[in-house]
Amino acid sequence: MRIGFIGLPKSGKTTLFNALTGSSATVSAFATGRLGPNLASVKVSDERVEKLAVIYKPQRQVYPAIDIVDLAGINEGDGRADAFSGDLMKLARTVDALAIVLRNFQTEASSWQVPLEDLKKIEQELLLADLIIAEKRLEKVEAGLKKGSGGSGGASGLKAEQQVLKIVVEALNEGRPLRELEFDENQKLITRCFQFLTQKPAMVILNSGEASTGKNQDVLQVVSQRYRSVEFAGQLEMELSQLDIESARAFMEDLGIKESARDRLIALAYEALGYISFFTVGPDEVRAWNIKRGATALEAAAAIHTDLARGFIAAECFNYDDLIVAGSDKEVRSHGQFKLVGKDYMVRDGDILSIRFHI
Ligand SMILES: Nc1nc2c(ncn2[C@@H]2O[C@H](COP(=O)(O)OP(=O)(O)OP(=O)(O)O)[C@@H](O)[C@H]2O)c(=O)[nH]1
Ligand SMILES: [Mg+2]
């Protein structure tokens, strides 16, 4: 899973990136901000893995990771100037979700602090970036249809693409992000190729100054009408992340911070993306995996390895909560909570799976 931080210049993206990943990328009050993207991977800790490790005593515990990309600031008008075709926007198109960072603090270098206006500007730029791509493609498709050249999908393929692109262009022109539209499976397949920014799940991080953190309910309320959101005191979180674990814990207690920014962002990302966790257990490793809510046993198998999906026979399945209550998988079996499920079984959060397969 990859999350891209996007926001206006100097909104504190790199500060937050450092806070969340424990990195020390350059933060600056004055530079143009076009330093290139920072990339880091953070481990998604899950206390269930630790509890499972107590039971199975594996050689190692493995956690999923989230990649975080700190994209450079979008400048207003970038869309128009076609700056979105640059490498950074290409990178933005590859992320699974966007985290929109809003500046809600003042510094000596700048007193600007209008988070809701900034949000509008960012939304505008994202809409525009998608519109440019959709319109360009629509023109080509229509030219192709006129010439009668069907391309690889034949004329019917082009017609289907034309129909989707028309819907897309109309929505974007009305200021509607594509994530609000309902596409059927075929249309989804077509839109997926374009990696539209406004079709990605998005969340908002309100990056507040230390003094005002916790007092921005009005802003958060407006934001939460359209996005899952969280408030961070970015600067403070960055300083905390640079302390050793013990001192950080003591500081957090003093400040009344219960959960680290990293844990809160991960929880938010899971919600925004609709992810759940399942586990595999054994003497080698206890491991947590992510899949989309609603995914099947077959998709879970594919997340582990394509071979498991290819040769899928069945999955042995029981749930973490039952295991913790029962104490061992033997007890789980004797309670009748151990199931053999087929490929269409819908995996639940906390399921412990073992895939039977044959190639
Ligand atoms: N007071 C305060 N200052 C912050 C906070 N977050 C960032 N800053 C300051 O704001 C300035 C810009 O922060 P960066 O993290 O570099 O912002 P950015 O969005 O990465 O900027 P570009 O990459 O240049 O677009 C720096 O001087 C930071 O120290 C915050 O939460 N509170
Ligand atoms: Mg930066």
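Each remark here, short or long, concerns the structure printed above.
These numbers come from a predicted model, not from an experiment.

A. Geometry of the overall build of the protein chain. When helices and strands are tallied, the protein chain shows 14 helices and twelve strands. With the C-alpha coordinates of the protein chain rotated into their principal frame, the extents come out at 65 × 65 × 35 Å. Considering the protein chain as a whole, with its 359 residues, one finds that 33% of them fall into the buried category.

B. Fine view of the packing of helix α5 (residues 154-173) against helix α6 (residues 185-192). Contact geometry of α5 with α6 gives a least axis separation of 10 Å together with a crossing angle of 80°. Comparing the axis directions of α5 and α6 gives the class roughly perpendicular. Facing α5, whose interface residues are Ala160, Glu161, Val164 and Val168, α6 presents Asn186, Gln187, Ile190 and Thr191. Here the residues of the contact of α5 with α6 are counted per class, giving four nonpolar, three polar and one charged.

C. View of the environment of Ser11. When you line up the elements, Ser11 lands in the loop between β1 (2-7) and α1 (13-21). Sequence-wise, Ser11 and Trp112 are 101 residues apart; in three dimensions their C-alpha atoms are separated by 9.8 Å.

D. Local environment of the nonpolar core. Counting residues in hydrophobic clusters, the biggest one holds 55 residues, and the most contacted among them are Phe5, Ile100, Val204 and Ile205. The dominant element in this core, judged by the number of residues it contributes, is helix α4 (residues 115-147), at eight residues. Mapping this core onto the domain boundaries places at least three of its residues in each of domain 1 (2-48 + 58-111 + 201-272) and domain 2 (124-198). The residues touching Ile100, leaving out its near neighbours within four places in the chain, are Ile6, Gly7, Leu119, Ile122, Ala202 and Val204.

E. Inspection of the sheet that holds strand β2 (residues 38-43) at higher detail. Taken in spatial order, the six strands of this open sheet run β2-β4-β1-β5-β6-β7, and their pairing is mixed. Two strands in the sheet have a free side with no partner beyond their single neighbour: β2 and β7 (228-232). Across the sheet, the mean angle from the axis of one strand to that of its neighbour is 25°, orientation sign disregarded. In the packing of α1 onto the sheet, contacts are made with β1, β2, β4 (65-70), β5 (97-104), β6 (202-208) and β7, and the angle to β4 comes to roughly 160°. Packed on one face of the sheet, α4 meets β1, β5 and β6 and runs near 145° to β5.

About the thresholds
Residues numbered from 1 in each chain as written. Chains lettered and ligands numbered in written order. Predicted model: local features only at pLDDT ≥ 70, side-chain atom pairs only at ≥ 80, totals over all residues. Helix = DSSP H or I, 4+ residues; strand = E, 2+ residues; numbered from the N terminus. Buried ≥ 20, exposed ≤ 12 C-beta atoms within 10 Å, placed from the backbone. Axes fitted to C-alpha atoms, helices over the stretch in contact; angles between N-to-C directions. Parallel < 35°, antiparallel > 145°, perpendicular 65-115°, else oblique. Contact = placed C-beta atoms within 7 Å. Nonpolar A, V, L, I, M, F, W, Y, C, P; charged D, E, K, R; others polar. Core = buried A, V, L, I, M, F, W, Y, C linked by C-beta atoms within 7 Å. Domains from an automatic or database assignment. Pairing = 2+ DSSP bridges.

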